[in-house]
Amino acid sequence: MSAGPRRATVDRLRRVVRGTRAWSRAALPGRVGALPDFLIIGGQRCGTTSLHHYLAAHPDVRAATGKELQFFSLHFGRGTRWYRAHFPPAAPGRRSFEASPYYLFHPSVPARVAATLPDARFVALLRDPVERAYSHYLHTRSYGLEPLGFAEALAAEPGRLAGALADGPDTPAAHHALRNFSYAARGRYAEQLDRWYAHLPAERLHVIRSEDLYADPAASYAGVLRFLGLAPFTPAEFARHTRRADTGPAQLTPALRAELAAGFAPHNARLADLLGWPRTW
């Protein structure tokens, strides 16, 4: 078994074990954990793993049993008791959280989150959509799920997503396509934020550029802590965390980069207007 499929198998087993343990805790009588105080909602390939590590290191923060619980996207039918079983009990002065990058993109999530977590806060990271699209492609390919080249995958994306969504966004086929083949769609950030703002006030959602987190992690992290009402804190290090190393010749050619940048330009301009940013990418 090659590295990609092997990693996918390990990830799947880890999720099964984590979910089974949550079922066991939820089945026991009595209290389970408290609902989280905040979520990292995305986007995918935008630095959420790094931010998750930084926040989990804070002495007043406790992370869920693992990253990407996917409750509001994939497992909402399991109920809030199952979800709460992934978190510690409420404690004075302590905050709990989870990070699932699919939340920003999946259309059903904002309404579910707003109904379940009426007082929670949310953090979103947004990366140059051209770079994000290619990183997403490499990620999907590394798991052995993408047989096409990057240009061919981009051309196939609209048909793949439309076909998978024919029966709605919550079928197994829809989740498979939305998670794995949404290379360009996930870079249309204003569309996704519109769905979130339709269900919660803008002051409960903190949006930062991934590039700013990479360039000055201390400043970006401090801003997140202020937004969450957490005391200032500096982790031992601001390491970048990623689970994929790029290999092979680059398929993001200058011509394809220019084509993608032109396609994203109006979406980036709308994002800047929406957030009041002087620039995006």
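Here is a short report on the structure shown in this document. Just so we're clear, the structure is a prediction, and the values are computed from it rather than from any experiment.

**Quick word on empty space enclosed by the protein**
Per the stated rule, a full pass over the model turns up one cavity of 30 Å³ or more. Quantified by volume, the largest cavity comes out at close to 30 Å³. The wall of the largest cavity is formed by Gly43, Gln44, Pro101, Leu104, Phe105, Arg186, Tyr189 and Gln192. Here the lining of the largest cavity is built from residues that sort into four nonpolar, three polar and one charged.

**Examining the side chain of arginine 186**
Tracing the backbone through its elements, the reader meets arginine 186 in the loop between α8 (172–180) and α9 (189–197). In this structure arginine 186 is buried but unpaired, with glutamate 68 as the nearest side chain of opposite charge at 7.7 Å. Within the structure, the side chain of arginine 186 is placed 2.9 Å from the side chain of serine 182, a separation counted as a polar contact. Not counting residues up to four positions away in its chain, the partners in contact with arginine 186 are Gln44, Pro101, Tyr102, Phe105, Arg132, His136, Leu178, Arg179 and Gln192.

**Notes on the pattern of salt bridges**
Oppositely charged side chains are able to pair whenever their charged atoms sit close together. On inspection of all chains with the given rule, the structure shows eight salt bridges. Its salt-bridge partner being lysine 67, residue glutamate 68 comes within 3.5 Å of it at the nearest N-O pair. Ionic pairing is found between aspartate 194 and arginine 270, a salt bridge with its closest N-O pair at 2.6 Å. Placement of the pair is aspartate 194 in helix α9 and arginine 270 in helix α12 (residues 254–275), with a sequence separation of 76 residues.

**A closer look at the sheet that holds strand β3 (residues 95–99)**
The strand order across the open sheet built from five strands is β2-β3-β1-β4-β5, with neighbouring strands paired in parallel fashion. The open sheet terminates on both sides in strands that have one partner only, identified here as β2 (61–63) and β5 (205–209). If you compare each strand with its neighbour and ignore which way they point, the axes differ by 25° on average. Two elements, strand β1 (residues 38–42) and β3, share three bridges in a ladder whose sense is parallel. Bridge assignment links leucine 39 to a residue of β3, and that residue is glutamate 98. On the sheet, helix α11 (residues 217–228) packs against β1, β3, β4 (121–126) and β5 and is oriented at approximately 155° with respect to β4.

**Let's talk about unusual backbone geometry**
In this structure, glycine 43 follows glycine 42 across a cis peptide bond, with omega equal to -5°. By the element assignment, glycine 43 lies in the loop between β1 and α2 (48–56). Not every positive phi belongs to a glycine, and arginine 45 is a case in point at roughly 60°. Residue arginine 45 is classed as buried on the basis of its relative accessible area, which comes to 16%.

**Remarks on the pairing of β3**
Burial runs high along β3: four of the five residues are buried. Here β2 pairs with β3 via three bridges, running parallel. Pairing of arginine 62 across the sheet is with serine 96, part of β3.

**Structural notes on the pairing of β4**
Most of β4 sits inside the fold, with five of its six residues counted as buried. Across four bridges, the pairing between β1 and β4 is parallel. Counterpart to leucine 39 in the pairing with β4 is phenylalanine 122. Examined bridge by bridge, β4 and β5 share five bridges and lie parallel to one another. Bridge assignment links phenylalanine 122 to a residue of β5, and that residue is leucine 205.

Conventions and cut-offs
Residues numbered from 1 in each chain as written. Predicted model: local features only at pLDDT ≥ 70, side-chain atom pairs only at ≥ 80, totals over all residues. Heavy atoms only, no water. 1 Å grid on protein atoms, 1.4 Å probe; cavity = no way out; pocket = protein on both sides within 12 Å on 5 of 7 lines; lining within 4 Å. Points joined across faces, edges and corners; volume = space filled by probe spheres on them. Nonpolar A, V, L, I, M, F, W, Y, C, P; charged D, E, K, R; others polar. Helix = DSSP H or I, 4+ residues; strand = E, 2+ residues; numbered from the N terminus. Buried < 20%, exposed > 50% of the residue type's maximum accessible area, 1.4 Å probe, protein only. Lys, Arg positive; Asp, Glu negative; His and termini not counted. Salt bridge = Lys/Arg side-chain N within 4 Å of Asp/Glu carboxyl O. Polar contact = N/O pair within 3.5 Å; in protein donor to acceptor, adjacent residues only side chain to side chain. Contact = heavy atoms within 4.5 Å. Pairing = 2+ DSSP bridges. Axes fitted to C-alpha atoms, helices over the stretch in contact; angles between N-to-C directions.

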